[in-house]
Amino acid sequence: MPVCVGRASGLRASIARAAAVADFVEVRFDCLAAGELEKALREVERAAGEARRPFVYTFRPAAEGGGSDSAPAERVEFWRAVARARAGGGGRPAFADVELSLFESEHGPALGEVVRGLDVICSYHDFGGMPADLSGLFERMKRTPARVFKIAVAVRDAAECAPLLRLLEQARSEGHELIAVAMGAAGAWTRVAGPSLGSFLTYGSLDAGAATAPGQLSAREMCELYRLRELDERTAVMGLIGRPVAHSLSPRMHNAALGARGVNAVYLPFEVADLEAFILRLVGPRTREVAWRALGFSVTAPHKSAVIPLLDWVEQRAREIGAVNTISVEGGELRGYNTDSAAALAPLEGLAEVEGTRVAVVGAGGAARAVLWALRERGARPVVFARDEGRARALAEEFGAGSAALAGAGFGGFDVVVNATPLGTRGALAGETPAAAEQLRGARVAYDLVYNPAETRFLREARRAGCATAGGLPMLVAQAAAQFKIWTGEEAPVAVMRAAAEAGLASE
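Residues numbered from 1 in each chain as written. Predicted model: local features only at pLDDT ≥ 70, side-chain atom pairs only at ≥ 80, totals over all residues. Heavy atoms only, no water.

Notes on the side chain of Asn452
Moving on, step 1. By the secondary structure assignment, Asn452 is in the loop between β18 (445-448) and α17 (457-464).
Moving on, step 2. A polar atom in the side chain of Asn452 sits 3.0 Å from the backbone oxygen of His247.
Moving on, step 3. Not counting the four nearest positions on each side in its chain, Asn452 is found in contact with His247, Gly424, Thr425, Arg426, Leu505 and Glu508. (Helix = DSSP H or I, 4+ residues; strand = E, 2+ residues; numbered from the N terminus. Polar contact = N/O pair within 3.5 Å; in protein donor to acceptor, adjacent residues only side chain to side chain. Contact = heavy atoms within 4.5 Å.)

So this is what it looks like as structure tokens:
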């Protein structure tokens, strides 16, 4: 856990907090204000005896994401001061995180002498992306006097992490200790999965919002949500494939369910733009580049339809809907399912009978397709409304429904109005709604598939119009429970999943 404070006087309290949670405490000396280094070294030596944890000393230059603008010669002098301070450290374990660039500079020979008595982590940080010659970079690092190596690179897509994980496997096979981190939202999952794949350590911030690198999660989130300390080399991997995935409640629900059932697996968010590359490089049993136990994946926007041709087998229901939201890795094959459709009408339980009712479905995308399939199966009389009347008409014909333009539409003659658009979702669309109160007046029930936030503008407008309302959380939980059964063969702990989802919504 990194400790990053501006004054030496604040170090011991922060170190004590970090040591209460973390296995290693990293002291970021580059966060300190000018003139604080000498005092900080004394404070850290005092704190080290109290903390009883291995320390990592870091003095990161600005060029590699740190806060220090010191010249290379000054950084060598800093490490000389650390070596002097550590000489009287009574053998307490500590690591010096020294950049490869400093070892390869003209000061390298002197630096090698300075750090001779220290356990060294040789680190490399690239905020521009994955190096073209990762193996060559690793060979250069192995020429330094380091005991441990660290490579942290920025990625924009989860599939880009594959070479880094391959290098981790190589390092393990050669008997080297490597810390492998993919930075940014698309690489955040490597911070959780890394140790179970052989990474020497991972990094978690002291508090939410106190990250010292892009994509760094809080230690609490890593340990409580992702159950980091329970993961090992036999842990199966599940996850959510989509873009964006940051606000999804699926990791909360599935990890809580896995913990409750004692399943050795973790569910991770995968920020994926290049779907085909992700499936080929990280998922497909015959093509993946990482030797991990991939068990199954949820699929969300914008990939539910695009994933179909990448699978070995797709159930008939999913083919009819034209969308897959669940991938299961079974017997060397990728099999596709749609659990949205069976769950789509769950929120209407107790609010409306479906058979024979008039239902307005607003939207013409994948979510609307799942709802229409379920309505057709239950004998409802749906009408599709969309901004693009042509799309609405084409979709309606496919499912035996009526269609109409959304602009100026009134829903007074409908029993149920379903928002199957993303309008109202947390983020840029939060303030939008597909229908205002005037349009909804006279409808009996308004149902919003959006679940985050729990209170959408569409639902507020519906209540103003006198409608009974239902949010999308029961559908989310129901489809996730069905996924859990497909992946594990066990009945899902539905109450646990719902409580985890509700806690996630309450925390945002």
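Having seen the model, we can carry on.
A look at helix α6 (residues 134-142)
Moving on, step 1. Of all the residues in α6, the buried ones are Leu134, Gly136, Leu137, Phe138 and Met141.
Moving on, step 2. Summarising the contacts, the buried residues of α6 are in contact with α4 (100-103), β5 (119-126), β6 (148-154), α7 (162-174) and β7 (177-183). (Buried < 20%, exposed > 50% of the residue type's maximum accessible area, 1.4 Å probe, protein only.)

Quick look at the side chain of Arg60
Moving on, step 1. Inspection of the secondary structure assignment puts Arg60 in the loop between β3 (55-58) and α3 (72-87).
Moving on, step 2. Of the polar contacts made by the side chain of Arg60, one reaches the side chain of Asp97; its length is 3.0 Å.
Moving on, step 3. Once residues within four sequence positions are removed from consideration, Arg60 is found in contact with Glu26, Arg28, Asp30, Gly65, Gly66, Gly67, Ser68, Asp97, Glu99, Ser123, His125 and Lys150.

Brief notes about the pairing of strand β8 (residues 236-242)
Moving on, step 1. Extensive coverage of β8 is indicated by the burial of seven of its seven residues.
Moving on, step 2. Across six bridges, the pairing between β8 and strand β10 (residues 293-299) is parallel. The partner of Val237 across the bridge, within β10, is Ala294.
Moving on, step 3. Alignment of β8 against strand β9 (residues 265-271), held across seven bridges, turns out to be parallel. By the bridge assignment for β9, Met238 is matched with Tyr267.
Moving on, step 4. In this view, the connection linking β8 to its parallel neighbour β9 by way of helix α10 (residues 250-261) has right-handed handedness. (Pairing = 2+ DSSP bridges. Right-handed = clockwise from strand over helix to strand, strands pointing away.)

Notes on the sheet that holds strand β2 (residues 25-28)
Moving on, step 1. Taken in spatial order, the seven strands line up as β1-β2-β3-β4-β5-β6-β7 in an open sheet, and their pairing is parallel. What marks the edges here is a single partner per strand, and that holds for β1 (2-3) and β7.
Moving on, step 2. Inspection of the sheet shows strand β4 (residues 94-99) paired to β5 by five bridges, in the parallel sense. Each residue of the ladder has a partner; that of Val98, found in β5, is Cys122.

Let's talk about the packing of aromatic side chains
Moving on, step 1. The full count for this structure, using the stated rule, is 19 aromatic pairs.
Moving on, step 2. Aromatic ring contacts, followed pair by pair, group Phe29, Tyr57, Phe59, Phe78 and Trp79 into a single cluster.
Moving on, step 3. When the ring centre of Trp313 is taken as reference, the NZ or CZ atom of Arg335 above it lies at 3.9 Å.
Moving on, step 4. One Lys or Arg, Arg358, reaches over the ring of Phe414 and ends 4.3 Å from the middle of that ring. (Phe/Tyr/Trp six-rings, centres within 6.5 Å; stacked < 30°, edge-to-face > 60°. Lys NZ or Arg CZ within 6 Å of the ring centre and 35° of its normal.)

Here's the deal with the pattern of salt bridges
Moving on, step 1. With the rule as written, the count across this model stands at 39 salt bridges.
Moving on, step 2. With a closest N to O distance of 2.8 Å, Arg229 and Asp23 form a salt bridge. You can see Arg229 sitting in the loop between α9 (219-225) and β8 and its partner Asp23 sitting in the loop between α1 (11-19) and β2, a full 206 residues away along the chain.
Moving on, step 3. Here Arg335 and Glu333 are joined by a salt bridge, their closest N and O atoms 3.1 Å apart.
Moving on, step 4. With a relative accessible area of 30%, Glu333 lands in the partly exposed category. (Salt bridge = Lys/Arg side-chain N within 4 Å of Asp/Glu carboxyl O.)

Things to note about the sheet that holds β9
Moving on, step 1. Strands sit in the order β9-β8-β10-β12-β13-β11 across an open sheet of six strands; the sheet is mixed. Two strands in the sheet have a free side with no partner beyond their single neighbour: β9 and β11 (313-314).
Moving on, step 2. With respect to the sheet, α10 is in contact with β8, β9 and β10, its orientation differing from that of β9 by roughly 170 degrees.
Moving on, step 3. Its contacts with the sheet put helix α18 (residues 473-488) on β8, β9, β10, β12 (326-330) and β13 (333-337), and the angle it makes with β12 is roughly 10 degrees. (Axes fitted to C-alpha atoms, helices over the stretch in contact; angles between N-to-C directions.)

Section: the nonpolar core
Moving on, step 1. By size, the foremost hydrophobic cluster in this structure holds 100 residues, and its most contacted members are Trp79 and Phe278.
Moving on, step 2. Once you skip the residues sitting within four places of it in the chain, Phe278 turns out to touch Ala158, Ala159, Ile241, Phe270, Val272, Val283 and Phe297.
Moving on, step 3. Counting 34 residues, the second-largest nonpolar core is a separate cluster that includes Trp373, Leu395, Val416 and Val445. (Core = buried A, V, L, I, M, F, W, Y, C linked by side-chain atoms within 4.5 Å.)

Focus on helix α14 (residues 366-377)
Moving on, step 1. An ideal rise of 1.5 Å per residue puts 16 Å on 12 residues; α14 measures up with 17 Å between its terminal C-alpha atoms.
Moving on, step 2. Along α14, the residues classified as buried are Ala368, Arg369, Ala370, Val371, Leu372, Trp373, Ala374 and Leu375.
Moving on, step 3. Buried residues in α14 make contact with α12 (316-321), α13 (340-343), β14 (358-362), β15 (381-386), α15 (389-398) and β17 (416-419).
Moving on, step 4. The positive-phi residue at the C-terminal boundary of α14 is Gly379, with phi of around 75 degrees. (Expected span 1.5 Å × (residues − 1).)

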